[in-house]
Each structure stands twice: as C-alpha cells, then as structure tokens.
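Chain by chain, the residues:
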Amino acid sequence: MRCAIALAHQGEARDGANPIGCVIVRDGAVIAEGFNEVDMLHDPTAHAEIVAIRRAGARLQCHELRGAVLYTTLQPCGMCTMASIWAKIGRIVFGAGRGDVHKMYFEDRHLDTLDFIRDAYRKDLSVAGGVLAADCTRFYVPPEAVVPEAEQFNR
Ligand SMILES: [Zn+2]
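Residues numbered from 1 in each chain as written. Predicted model: local features only at pLDDT ≥ 70, side-chain atom pairs only at ≥ 80, totals over all residues.

Colleague: Help me out: how do you make sense of the overall build of the protein chain in this one?
Modeller: A tally of helices and strands in the protein chain yields six helices and five strands. Its helices and strands taken in sequence order, the protein chain reads α-β-β-α-α-β-α-β-α-β-α from the N to the C terminus. A globule of 155 residues ought to have a C-alpha radius of gyration of about 15 Å, and the protein chain, at 15 Å, matches this closely. On the principal axes, the C-alpha backbone points of the protein chain span a range of 40 × 35 × 30 Å. Here the protein chain holds 155 residues, and 35% of them are scored as buried. (Helix = DSSP H or I, 4+ residues; strand = E, 2+ residues; numbered from the N terminus. Rg over C-alpha atoms; globule rule 2.2 N^0.38 Å. Buried ≥ 20, exposed ≤ 12 C-beta atoms within 10 Å, placed from the backbone.)

Colleague: Could you clarify how one ought to interpret helix 1 (residues 2-13) in this entry?
Modeller: Structural remark: α-helix, 3.6 residues per turn; residues separated by three or four positions point the same way. The first and last C-alpha atoms of helix 1 sit 17 Å apart over 12 residues, in line with the 16 Å expected at 1.5 Å per residue. Considered for burial, the residues of helix 1 that qualify are A4, I5, L7, A8 and G11. Projected down its long axis, helix 1 shows its buried positions confined to an angular sector of 160°, all on one face. Across helix 1 from its buried face, at more than 90 degrees, point the exposed residues R2 and A13. Its buried side turned inward, helix 1 meets strand 1 (18-26), strand 2 (29-36), strand 3 (69-74) and helix 6 (133-137). (Expected span 1.5 Å × (residues − 1). Arc of directions from axis to C-beta. Contact = placed C-beta atoms within 7 Å.)

Colleague: So what exactly am I meant to see when it comes to helix 3 (residues 48-60) here?
Modeller: Compared with the 18 Å implied by 1.5 Å per residue over 13 residues, the 18 Å span of helix 3 between its first and last C-alpha is a close match. Turning to helix 3, its buried residues are A48, E49, I50, V51, A52, I53 and A56. The inward-facing, buried residues of helix 3 contact strand 1, strand 2, strand 3 and helix 4 (78-86). Phi turns positive one or two residues past the end of helix 3, at Q61, with a value near 55°.

Colleague: Just checking my understanding: could you explain the packing of helix 3 against helix 4 for this structure?
Modeller: For any two helices packed against each other, the geometry comes down to the angle between their axes and how far apart the axes lie. Here helix 3 crosses helix 4 at 25°, and the two axes come no closer than 9 Å. Relative to helix 4, helix 3 is oriented roughly parallel. Note that helix 3 runs across helix 4; the crossing there is left-handed. Between helix 3, through E49, I50 and I53, and helix 4, the contact on the second element is made entirely by C80, A83 and S84. Along the lines of polarity and charge, the residues of the contact of helix 3 with helix 4 split into four nonpolar, one polar and one charged. (Axes fitted to C-alpha atoms, helices over the stretch in contact; angles between N-to-C directions. Parallel < 35°, antiparallel > 145°, perpendicular 65-115°, else oblique. Left-handed = near helix turned anticlockwise from the far one by under 90°. Nonpolar A, V, L, I, M, F, W, Y, C, P; charged D, E, K, R; others polar.)

Colleague: Sorry if this is basic, but what is going on with the pairing of strand 4 (residues 91-96) here?
Modeller: The side chains of a regular strand alternate between both faces of the sheet. Taken together, the five bridges between strand 3 and strand 4 define a ladder with parallel strand orientation. The partner of T72 across the bridge, within strand 4, is F94. Direction of pairing for strand 4 relative to strand 5 (residues 126-128): parallel, over a ladder of three bridges. Directly across from V93, in strand 5, lies its bridge partner A128. In this fold, the crossover linking strand 4 to strand 5 by way of helix 5 (residues 113-119) has right-handed handedness. (Pairing = 2+ DSSP bridges. Right-handed = clockwise from strand over helix to strand, strands pointing away.)

Colleague: Quick question: what am I supposed to make of the pairing of strand 1 here?
Modeller: Of all the nine residues making up strand 1, eight are buried; the element is thus mostly covered by neighbouring parts of the structure. Here strand 1 runs beside strand 2; their pairing, made up of seven bridges, is antiparallel. Looking across to strand 2, one finds that V25 is bridged to V30. Linking strand 1 to strand 2, which pair antiparallel, is a turn of two residues; within it D27 sits at a positive phi near 50°. Here four bridges tie strand 1 to strand 3, and the two strands are oriented antiparallel to one another.

Colleague: Whenever I open this one, unusual backbone geometry confuses me. Can you help?
Modeller: Only a minority of non-glycine residues have a phi that is not negative, and only a minority of peptide bonds are not trans. Of note, the phi angle at H42 is positive, near 55°, even though the residue is not glycine. Note on placement: H42 falls in the loop between helix 2 (38-41) and helix 3. Here L132, not a glycine, exhibits a phi torsion of approximately 50°, which is positive. Within the element layout of this structure, L132 appears in the loop between strand 5 and helix 6.

Next up, the structure:
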C-alpha cells in the first residue's frame, strides 16, 4: 500500500493525472503499477486499477492474474471492481473506503462495489479495506465537503 500511496503522490504531482495509485503484486513481486490517467489520456477507463491491470496483462502476456493482489488507495469503483473480477485478481486491498470520501467518487447511489465481490462467481477472491486509510484519505475530498454539482465527477 505504501507503493500505491507513492503512486498517488506521483499522480497528484503530474499535470493531467489524479491521485489514485494502484500496485499489483504476485508472488511477492510488483508486476504492475499505475495512477489515474483519465484526464491525461482523455480516457474515462484509465483509472489507476485499469492502467495497472492492462500493464500486468501485457507484462505477463496473460489476461488472468490469478493469485495477484491489487492494492489501491481508494476503494475501486464498479468498473475497476468488475475488471478485477474478470482479471481473476485474488485479493483486493484498498485504503480509503467509500464512506471516507465524497460520494462523487462513485457512480452508483445505492450499490456498494463490495457487493459485486460478494456476488461474484469467485471463491478465490477476497477484499480488505481501510489499510493505511488515513494516509490514503488525505488525497480525496471528504464526505462532508460541499462540492458544486457541476464539479462532481459523477454528475
Ligand atoms: Zn475505477
């Protein structure tokens, strides 16, 4: 998670990138990493997790990442949760949880992306949240912040 936090710092500092960091580890080695590149690439799918999953697949020349652990500074959105499920990630570890940040970081009103994991046809997938949560939460707008609707990511 400390590597993911370092990547979030990189995203924060880079023009057009965003402070969400992701690292994928398998067999004790980092196989891919990324930060949110949505604005940089003009690609709505370039979330940190998707960037890292794509790089892991390219590196391993395999679309299945069984046994891999995905570390991310923010609870994965629905797209990234589903991509992790399809990629056969074995464990998802996130820092800041949905309740720690403003609602604009998530696309759904009532579903929790953790429900996707609970409902998946996967018995070899686990999840843990709140890891170094305070260090991760500092990157994001807090839940109680008043953000004009026009500035909310999920509007
Ligand atoms: Zn996402």
